[in-house]
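Chain by chain, the residues:
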Amino acid sequence: MEFEEVLKLLQSKEHLMRDEGAKELWNMLYQPFMGFYRHSRLNKLEAEEVIISSMLKICTKIDTVKEPKKFRAWCWTIARNTLLDHFRKYKKYKNDIAEIGIDKD
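These figures come from a predicted structure and were not determined experimentally.

Rules behind the numbers
Residues numbered from 1 in each chain as written. Predicted model: local features only at pLDDT ≥ 70, side-chain atom pairs only at ≥ 80, totals over all residues. Heavy atoms only, no water. Core = buried A, V, L, I, M, F, W, Y, C linked by side-chain atoms within 4.5 Å. Buried < 20%, exposed > 50% of the residue type's maximum accessible area, 1.4 Å probe, protein only. Helix = DSSP H or I, 4+ residues; strand = E, 2+ residues; numbered from the N terminus. Contact = heavy atoms within 4.5 Å. Axes fitted to C-alpha atoms, helices over the stretch in contact; angles between N-to-C directions. Parallel < 35°, antiparallel > 145°, perpendicular 65-115°, else oblique. Left-handed = near helix turned anticlockwise from the far one by under 90°. Nonpolar A, V, L, I, M, F, W, Y, C, P; charged D, E, K, R; others polar.

**Q** Could you give me a rundown of the nonpolar core, with the residues and numbers involved?
**A** One finds Leu25, Leu29, Phe33, Tyr37, Ile58 and Phe71 to be the most contacted residues of the largest nonpolar core, which totals 27 residues. Of all the secondary structure elements, the ones that give two or more residues to this core are α1 (3-10), α2 (15-39), α3 (44-60) and α4 (71-89). Look past the residues within four positions of leucine 25 in its chain and what remains in contact with it is Phe3, Val6, Leu10, Met55, Ile58, Phe71 and Cys75.

**Q** So what about the packing of α3 against α4? Which residues, and what values?
**A** Following both chains from N to C, one finds α3 and α4 inclined at 130°, their axes separated by 9 Å at the closest point. Compared by their axis directions, α3 and α4 come out oblique. The hand of the α3/α4 crossing is right-handed. Here α3 contributes Glu46, Glu49, Val50, Ser53, Ser54, Lys57 and Ile58 to the contact with α4, which in turn contributes Phe71, Trp74, Cys75, Ile78, Ala79, Thr82, Leu83, Asp85 and His86. Of the residues assigned to the contact of α3 with α4, the class counts are 8 nonpolar, 4 polar and 4 charged.

**Q** Talk me through the side chain of threonine 82; I want residue IDs and the actual numbers.
**A** Looking at where threonine 82 falls in the secondary structure, it is placed in helix α4. Residue threonine 82 is classed as buried on the basis of its relative accessible area of 5%.

What follows is the structure in structure tokens.
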């Protein structure tokens, strides 16, 4: 399934379709997010916590996505910003914040 199709499911008015979209999004982004967060020096438990926070933000703000072609990049922006929020919350990472970047993929 493509990101644009998942976006349609997540923006649906039907509860079952939104649930299906959320499951599909989880399957598509869990491993890439885990790799990104682990590469950013989070342990597995912290990475899972940040993944859950990211997915929650994506699902609650899904109606703000206006351009379906930019949905994937939007998800990655949420992921990066959630990681930065995590670093700010736990200041033990203060030197790592400046090094975070994502590819424009």
